[in-house]
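Observations on the model geometry
Now for the letters of each chain:
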Amino acid sequence: MAGDISIRLPDGSDKVLAAGTTAGELARSIGSGLAKAAVAATVDGAEVDLATVLPDGAEVAIVTDATGPGRDVIRHSTAHVMAQAVLRLWPGAHYAIGPAIEDGFYYDFELPGGAHFSEEDLGRVDEAMREIIASDQPFVRSEHTIDEALVIFRDQPFKREIIEAVRDGAEEHDAAASDGAAAISTYANGEDFVDLCRGPHVPSTGRLGHFSLTRVAGAYWRGDEKRPQLQRIYGTAWESKAALAEHLHRLEEAERRDHRKIGAELDLFSFPEEIGSGLPVFHPKGGMIRRVMEDYSRRRHEEGGYLFVATPHITKRELFEVSGHLVSFAEGMYPPMELDGGQLYYLKPMNCPFHILIYQSRQRSYRELPMRLFEFGVVYRYELSGVVHGLTRVRGLTMDDSHIFCALEQMPAEIDSLLGFVLGMLRDFGLEDFYLELSTKPEDKALGTDEEWEVATEALEVAARSAGLELVLDPGGGAFYGPKISVQARDAIGRTWQVSTIQVDFQLPQRFGLQYVGSDNARHRPVMLHRALFGSVERFLAILLEHYAGALPTWLMPEQVRVLPVKADNQPYAEAVLARLVGAGLRATVDSADSGVGARVARAKTQKIPHVVVVGDRDVEAGTIGVNRRGAERDERGVPLERFVAEVTEEVATRATGPQPKAAAAGS
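1. Focus on the pattern of salt bridges
Two side chains of opposite charge can pair, provided their charged atoms sit close to one another. On inspection of all chains with the given rule, the structure shows 47 salt bridges. The partner of Glu461 in a salt bridge is Arg465, with the nearest N and O atoms 2.9 Å apart. Separated by four residues within a single helix, Glu461 and Arg465 lie in helix α14 (residues 450-466), roughly one turn from each other. Three or more residues joined by partner-sharing salt bridges are found here, namely Arg290, Arg291, Glu294, Asp295, Arg298 and Glu538.

Okay, structure coming up:
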């Protein structure tokens, strides 16, 4: 009919609508359920408000609330409401930016008189937000010229800076207006609040409400420590009360499993202020866990045909100039030290240039390839203080680094073998739920030709798909020298951690002029594969501590068995039991009868000891023991000592994970 338009839906079907139909009206025409869940739409790939009038011939999809994009709209809209509430409570405050982030949102403010938010302020802000939501204010989009926008935000310096950056071409905001001038879009909700924003937003504040404000923090404007420090409020928002409750429960569980808390409780590591931020020291128990992890890794690498090397912690500047790190990674390096009459030395942020020098130390033959070099190499990266976080983000870290030099024709099989090796090792430590992420060429700082990147990326993709795991693309996420596969592991409460990486590198062999003599007696250039299995020992230990809530498998625990004599008279037998356990290669101790046995059992459980052995008079007479196994529903009595020794040594030898600690039930 005249005046009708036709749009295409995600299933490929076409739908005829009256001219002037909005995205929200489209959702209602499809069904009441879709209309209720709708929060925005995409038109020809661009996200828009539901009030947007649909153009003829467009491809249209409705964005619903229980999806990633839908939750982002909810969170961004909730951030606007939070900013409105803060400006009501602190008249004269300056507001900066308030994006949606993973599982939540934040907004940054400069409060009058240099005031700071306190945790107590969250309740006031929450109350004001709920009043705004209850008033069901519509989000109204408007477009303005640069000059108009500068007037609207004349009292807001951070907003003016963004607008001026758009004017000067330093920052994108929206498409050009009809006259070709830059257009600035704003959203107003209520009579007292307007914000600079691309959108989209939910139709009105009444669509929101399932949120929680989680914490306050400080943040530098634009992330620059030389710019003003702002006050930040974090929050989370979801599509339903149930989804919010489930998320808050996950946060509680994550806090319970926080490796920093567990590390202190189990006396594993610490971060002395005298040493500096992000530089951990490992106590005897933590050092034992590291030793077990590293020894097992060394054994597996030796069986896998790797050659062990060791390299120093510092080097002359020239090495990182040749490798390209001073151009592409300088911001992550410690400042140089001036030695030897003006010679500059750097702490190493990477092991790869050192392994290249080992390869380059003499002429190589094709018969030596693939050459797999391996090192537990300590590297140093100058992380900003704001991002240092326990063992997961440190400034001194131990990389379980391998660099494989191979012929081009060997590369596909070597990548496939590497991926199998990596996944097998991770499973040995009890991680089972993986997906793979393929990171491709970063357009702004990549070295090498497009052809080299295409060959490298294809080889990684083939190996990744052959592994039979989900593959997710990360466009532009590769290193400056090549693409990579990252193994992403999900832990016991569903969080995702990046662990191992495999990277293909044509660039460093070229930059260092690496060669080998082929079977044709001609010189050829090898391909270099970078591979970190743990990522870093420190970070991997943090992941394991949180995955297992501190109750590591017996083979990894620094103390595997604790022997408790019921009374002092049982001490000699307890010592004999200890000697048998230690003789079998188990890590065991005796906790003497200086207090009640119940208190000592409770103490051992608090310290996550896998096996608590109790011996009393009957055990002395019968040569037996009582066993309290971690995670077991009941104790065992009268267990023959030799049977127990055989069971635990088998558990250690097979690296059995045993029952994993379950997340606490919601509301418990």
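2. What about the sheet that holds strand β31 (residues 611-615)?
Taken together, the five strands give an open sheet; going across it, the order is β30-β29-β31-β32-β33, and neighbouring strands pair in mixed fashion. The sheet is open, and its two edges are formed by β30 (588-590) and β33 (636-640), each paired on a single side. With strand direction ignored, the average angle separating the axes of adjacent strands in the sheet is 30 degrees. Note that β31 and strand β32 (residues 624-629) share four bridges and pair antiparallel. Among the inter-strand pairings, His611 is bridged to a residue of β32, identified as Arg629. The sheet contacts of helix α17 (residues 571-583) involve β29 (561-565), β30, β31 and β32, and relative to β30 the element is tilted by about 170 degrees.

3. Points about the nonpolar core
With 58 residues, the main nonpolar core has Met293, Met411, Phe429, Val487, Val504, Leu529 and Phe540 as its most contacted residues. Top contributing element to this core by residue count: helix α13 (residues 411-428), with nine residues. Apart from residues lying up to four places away in sequence, Leu529 is in contact with Ser402, His403, Ile404, Cys406, Met411, Glu414, Ile415, Leu418, Gln503 and Val504. Counting residues in hydrophobic clusters, the runner-up holds 49 residues, among them Val63, Phe109, Cys197 and Trp221.

4. Examining the pairing of strand β20 (residues 371-380)
Of all 10 residues in β20, nine are buried, a share of seventy percent or more. Pairing between strand β16 (residues 307-308) and β20: two bridges, direction parallel. Bridge pairing in β20 places Leu307 opposite Leu373. Relative to strand β21 (residues 396-406), β20 runs antiparallel, the two being bridged by 10 bridges. If you follow Val379 over to β21, its bridge partner there is Leu397.

5. Topic: the packing of α13 against α14
Following both chains from N to C, one finds α13 and α14 inclined at 45 degrees, their axes separated by 9 Å at the closest point. In terms of orientation, α13 lies oblique with respect to α14. When you trace α13 past α14, the crossing you get is right-handed. Contacts between α13 and α14 pair Met411, Ile415, Asp416 and Leu419 from the former with Val455, Ala459, Leu460, Ala463, Ala464 and Ser466 from the latter. Here the contact of α13 with α14 is built from residues that sort into eight nonpolar, one polar and one charged.

Here is what the cut-offs are and how they apply
- Residues numbered from 1 in each chain as written.
- Predicted model: local features only at pLDDT ≥ 70, side-chain atom pairs only at ≥ 80, totals over all residues.
- Heavy atoms only, no water.
- Salt bridge = Lys/Arg side-chain N within 4 Å of Asp/Glu carboxyl O.
- Helix = DSSP H or I, 4+ residues; strand = E, 2+ residues; numbered from the N terminus.
- Pairing = 2+ DSSP bridges.
- Axes fitted to C-alpha atoms, helices over the stretch in contact; angles between N-to-C directions.
- Contact = heavy atoms within 4.5 Å.
- Core = buried A, V, L, I, M, F, W, Y, C linked by side-chain atoms within 4.5 Å.
- Buried < 20%, exposed > 50% of the residue type's maximum accessible area, 1.4 Å probe, protein only.
- Parallel < 35°, antiparallel > 145°, perpendicular 65-115°, else oblique.
- Left-handed = near helix turned anticlockwise from the far one by under 90°.
- Nonpolar A, V, L, I, M, F, W, Y, C, P; charged D, E, K, R; others polar.

Structural measurements only, silent on function.
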